[in-house]
Amino acid sequence: MQIEFPGSQWTDYEIIDTGDGEKLERYGNVVMSRPEPKALWRKSLSDAEWLRMAYTRFRPGAGFGKAGKEDSGTWERLRQMDDQWHICYPGAQSGLRFDLRLGLTSFKHVGVFPEQAPNWEYIYSQSRRIAQSFASEGRGKPKVLNLFAYTGAASLAANSAGADVTHLDSVRQVVTWARGNMEHSSLEGIRWTVEDAMKFVRREARRGNKYQGIILDPPAYGHGPDGEKWKLDECIYEMLSHVAEILSEERSFLVLNLYSNGFSPQLGESLLRETFGHGIKAESGELGLRDRFGKVLPLSIVVRMER
């Protein structure tokens, strides 16, 4: 695996143009402009064309450039639009389909990271593989744990495949947002947990609980609901060491997604080999977006492991 992109079947999302530290995207009918530090080249369209197309654009605020607050700012409305709207993700695989509610937040985000679509496809296929295997043996549903789970697209993918999903995030409002996505998608049964991820996996390890799938998409910086501090460079090895204790030794998978600029696919793969063992079956690469003009924007690294 080198770099993967969302499939062409996802017509509710498009990245139109990138450049000069910005990206122009369409979510449903809403076109928006946001900062993108990795867009180091020139725009293909003129500034006038960006303004003509955009419904809104994000303006960085006082926190811009500060660790943990680098995405803060405000949205400038350029055309009339709703505060919230929905888009559909129709997966490339039969049975994978869900809705996502979007909205403008003060931290540049809108409720989905579209470059993650290849991970949703992988999570669905792996969860389905294990669920079918369990069903043939008369066993219950496989258990999937989604840590740092945000608004829940990965949780919906696993749930759609027949997994028993635990969705964990430290921010209650984000978990509420994810639950709304489940309900709007006519899905049910996800277990919602507002807790510090490290505390949760430590406790699960002590109890001897096991999961057939674990998904991690940790931030560079963060805080738990009781002020617990998370710093990726300092915490990721310990986190993966505990995750290794609770991932089932057979018929299981793991997805590790990392946005930190200091990490590479090989570094992510090395982390897994040091915590799970050097005999694991793992692959690593990047997730990105390609605009209308063919410019490729790599956005995160991903490491996947299956048993």
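You'll find the structure just up there.
Definitions and limits used
- Residues numbered from 1 in each chain as written.
- Predicted model: local features only at pLDDT ≥ 70, side-chain atom pairs only at ≥ 80, totals over all residues.
- Heavy atoms only, no water.
- Helix = DSSP H or I, 4+ residues; strand = E, 2+ residues; numbered from the N terminus.
- Contact = heavy atoms within 4.5 Å.
- Areas by Shrake-Rupley, 256 points an atom, 1.4 Å probe, with all protein chains shown as cover.
- Lys, Arg positive; Asp, Glu negative; His and termini not counted.
- Charge placed at Lys NZ, Arg CZ, Asp CG, Glu CD.
- Pairing = 2+ DSSP bridges.
- Buried < 20%, exposed > 50% of the residue type's maximum accessible area, 1.4 Å probe, protein only.
- Polar contact = N/O pair within 3.5 Å; in protein donor to acceptor, adjacent residues only side chain to side chain.
- Arc of directions from axis to C-beta.
- Expected span 1.5 Å × (residues − 1).
- Axes fitted to C-alpha atoms, helices over the stretch in contact; angles between N-to-C directions.
- Parallel < 35°, antiparallel > 145°, perpendicular 65-115°, else oblique.
- Left-handed = near helix turned anticlockwise from the far one by under 90°.
- Nonpolar A, V, L, I, M, F, W, Y, C, P; charged D, E, K, R; others polar.

Further remarks concern the overall build of the chain. A tally of regular secondary structure across the chain gives seven helices and 17 strands. Principal-axis analysis of the C-alpha atoms gives the chain an extent of 60 × 40 × 35 Å. When contacts within the chain are restricted to residue pairs at least 6 apart in sequence, long-range pairs at least 24 apart make up 64% of them. Summed over its atoms, the accessible surface of the chain is roughly 13800 Å², and 47% of this surface lies on carbon and sulfur atoms. Averaging the coordinates of the 40 positive side-chain charges in the chain and doing the same for the 41 negative ones gives two points 2 Å apart.

Reading across the sheet, the eight strands line up as β1-β16-β17-β15-β12-β9-β10-β11 and stay open at both edges, with mixed pairing between neighbours. Looking at the sheet topology across the chains shown, the edges are occupied by β1 (3-4) and β11 (191-194). Pairing geometry for strand β9 (residues 143-147) and strand β10 (residues 164-169), over four bridges, is parallel. Along β10, the bridge assignment pairs Leu145 with Thr166.

Now for the side chain of Ser300. Mapping Ser300 onto the fold places it in strand β17 (residues 296-306). Overall, the relative accessible area of 3% leaves Ser300 in the buried class. Separated by 3.0 Å, the side chains of Ser300 and Asn257 make a polar contact. Setting aside its immediate chain neighbours within four residues, Ser300 contacts Gln116, Asn257, Leu258, Tyr259, Gly285, Glu286 and Leu287.

The periodicity of an α-helix, 3.6 residues per turn, causes residues three or four positions apart to be oriented the same way. Where helix α5 (residues 197-207) is concerned, the buried positions are Ala197, Met198, Phe200, Val201, Glu204 and Ala205. An end-on view of α5 places all buried positions within 160° of arc, on one side of the element. Pointing more than 90 degrees away from the buried face of α5 are the exposed residues Arg206 and Arg207. Of the surrounding secondary structure, the elements contacted by the buried residues of α5 are β9, β10, β11, β14 (229-231) and α6 (232-246). A positive phi of about 75° marks Gly208, the residue just after α5.

Another point: α6. For α6, built from 15 residues, the straight-helix expectation of 21 Å at 1.5 Å per residue is met to within 8% by its first-to-last C-alpha distance of 20 Å. Of all the residues in α6, the buried ones are Leu232, Cys235, Ile236, Met239, Leu240, His242, Val243, Ala244 and Ile246. Where α6 is buried, its residues contact β9, α5, β12 (213-216), β14, β15 (253-258) and α7 (265-276).

Take the packing of helix α2 (residues 117-136) against helix α3 (residues 153-160) next. The interhelical angle for the contact between α2 and α3, taken along N-to-C directions, is 30°, at an axis separation of 8 Å. When the axis of α2 is compared with that of α3, the two are roughly parallel. Both α2 and α3 take part in a crossing whose hand is right-handed. Residues Trp120, Ile123, Tyr124 and Ser127 of α2 form the contact with α3, whose participating residues are Ala153, Ala154, Ala157, Ala158 and Ser160. Taken together, the residues of the contact of α2 with α3 break down into seven nonpolar, two polar and no charged.

Geometric values such as these leave the question of function open.
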